[in-house]
Amino acid sequence: MNKLLSASLALSVALLAAPLVYAQDQSMQEAAGRQLFLHHCSACHSLDSSKNAFGPSLIGVMGRQAGSVPRFAYSKAMQTSGLTWTQDNLRKWISNNEALVPGTRMRHVSISDPAEQDYLVSFLTTLK
Ligand code: HEC
């Protein structure tokens, strides 16, 4: 193998490995997810307490049945969605909520960057 080729191979391996190392750092992911949450979600979802705001409380959302927070006026679509909030479903929800639950009352959200989806989902997991 010539030198140039092996150097460029080494470089691309290093570039590929970098985001993996970063992604392994759980607390950094959560911190990034918190920023995304503050930016995209906190206008309607409160973090201060388990109170409902314009949107339902997301405290304890991971593993919860969709549309199940008491005293929150969900859409019919959400109440009958039959979904459980797994990591997978949360990822689909934030990438295109209206595709996952047509007729939802939540304003359209579309976070398309897979890394940002990871961060946000790992932050949501911390809400207990
Ligand atoms: C404009 C206000 C608004 C914004 C912004 C918003 N939401 Fe919502 N969210 C709602 C409303 C309203 C509902 C209830 C939807 C329904 O009943 O159809 C909801 C529902 C949800 C649910 C389902 C909860 C349950 O109890 O079943 C999740 C999860 C959720 N939102 C996460 C998010 C995340 C994450 C963001 C940011 C990326 C976000 N939301 C941004 C208003 C909002």
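Here, the structure is the one placed above.
The structure presented is a predicted model; accordingly, all values stated were derived computationally and were not measured.

Criteria and cut-off values
- Residues numbered from 1 in each chain as written.
- Predicted model: local features only at pLDDT ≥ 70, side-chain atom pairs only at ≥ 80, totals over all residues.
- Heavy atoms only, no water.
- Core = buried A, V, L, I, M, F, W, Y, C linked by side-chain atoms within 4.5 Å.
- Buried < 20%, exposed > 50% of the residue type's maximum accessible area, 1.4 Å probe, protein only.
- Helix = DSSP H or I, 4+ residues; strand = E, 2+ residues; numbered from the N terminus.
- Contact = heavy atoms within 4.5 Å.
- Salt bridge = Lys/Arg side-chain N within 4 Å of Asp/Glu carboxyl O.
- Arc of directions from axis to C-beta.
- Phe/Tyr/Trp six-rings, centres within 6.5 Å; stacked < 30°, edge-to-face > 60°.
- Lys NZ or Arg CZ within 6 Å of the ring centre and 35° of its normal.
- Donors = N, O, S within 2.8 Å, 3.2 Å for Na, K, Ca; no water.

Q: Pulling in residues and values, what's your account of the nonpolar core?
A: With 26 residues, the main nonpolar core has Phe37, Met78, Trp85 and Leu124 as its most contacted residues. Broken down by secondary-structure element, the contributors of at least two residues to this core are helix 2 (26-40), helix 3 (76-79), helix 4 (87-95) and helix 6 (114-125). The biggest single contributor to this core is helix 6, with five residues. Sequence-distant contacts of methionine 78, defined by excluding residues within four places in its chain, comprise Ala66, Gly67, Trp85, Trp93, Val101 and Thr104.

Q: Quick rundown of the pattern of salt bridges? Include the residues and the values.
A: Tallied over the entire structure, the rule returns two salt bridges. In this structure, lysine 92 engages aspartate 88 in a salt bridge whose closest nitrogen and oxygen atoms are separated by 3.9 Å. Of this pair, lysine 92 and aspartate 88 both sit in helix 4, four residues apart, which is roughly one turn of the helix. With relative accessibility at 41%, the residue lysine 92 sits in the partly exposed group. Residue classification places aspartate 88 among the partly exposed residues on the basis of a relative accessible area of 45%.

Q: Can you break down helix 4 residue by residue, with the values?
A: Every buried residue belonging to helix 4 is among Asn89, Leu90, Trp93 and Ile94, and all of these are buried. The buried residues of helix 4 occupy an angular sector of 130° when the element is viewed end-on, so they sit on one face. Where helix 4 is buried, its residues touch helix 3, helix 5 (97-100) and helix 6.

Q: Now, about the packing of aromatic side chains: what can you tell me, with residues and values included?
A: To describe a pair of aromatic rings, you give the distance between the ring centres and the angle between the ring planes. Counted under the stated rule, the structure contains three aromatic pairs. Between phenylalanine 37 and phenylalanine 123, the ring centres sit 5.5 Å apart and the planes meet at 50°, which makes this aromatic pair tilted. Note that phenylalanine 37 is positioned in helix 2 and phenylalanine 123 in helix 6, a separation of 86 residues in sequence. Accessibility expressed as a relative area gives 3% for phenylalanine 123, which makes it buried. Note that arginine 105 overlies the ring of phenylalanine 54, its terminal NZ or CZ placed 6.0 Å from the centroid.

Q: How would you explain the coordination of the iron atom of the ligand if you had to name every residue and give the values?
A: Within the first shell, the iron atom of the ligand binds the protein through His45 (NE2) and Met106 (SD), at distances of 2.0 Å. The class of histidine 45 is buried, set by a relative accessible area of 10%. Relative accessible area serves as the criterion here: at 25%, methionine 106 is assigned to the partly exposed category.

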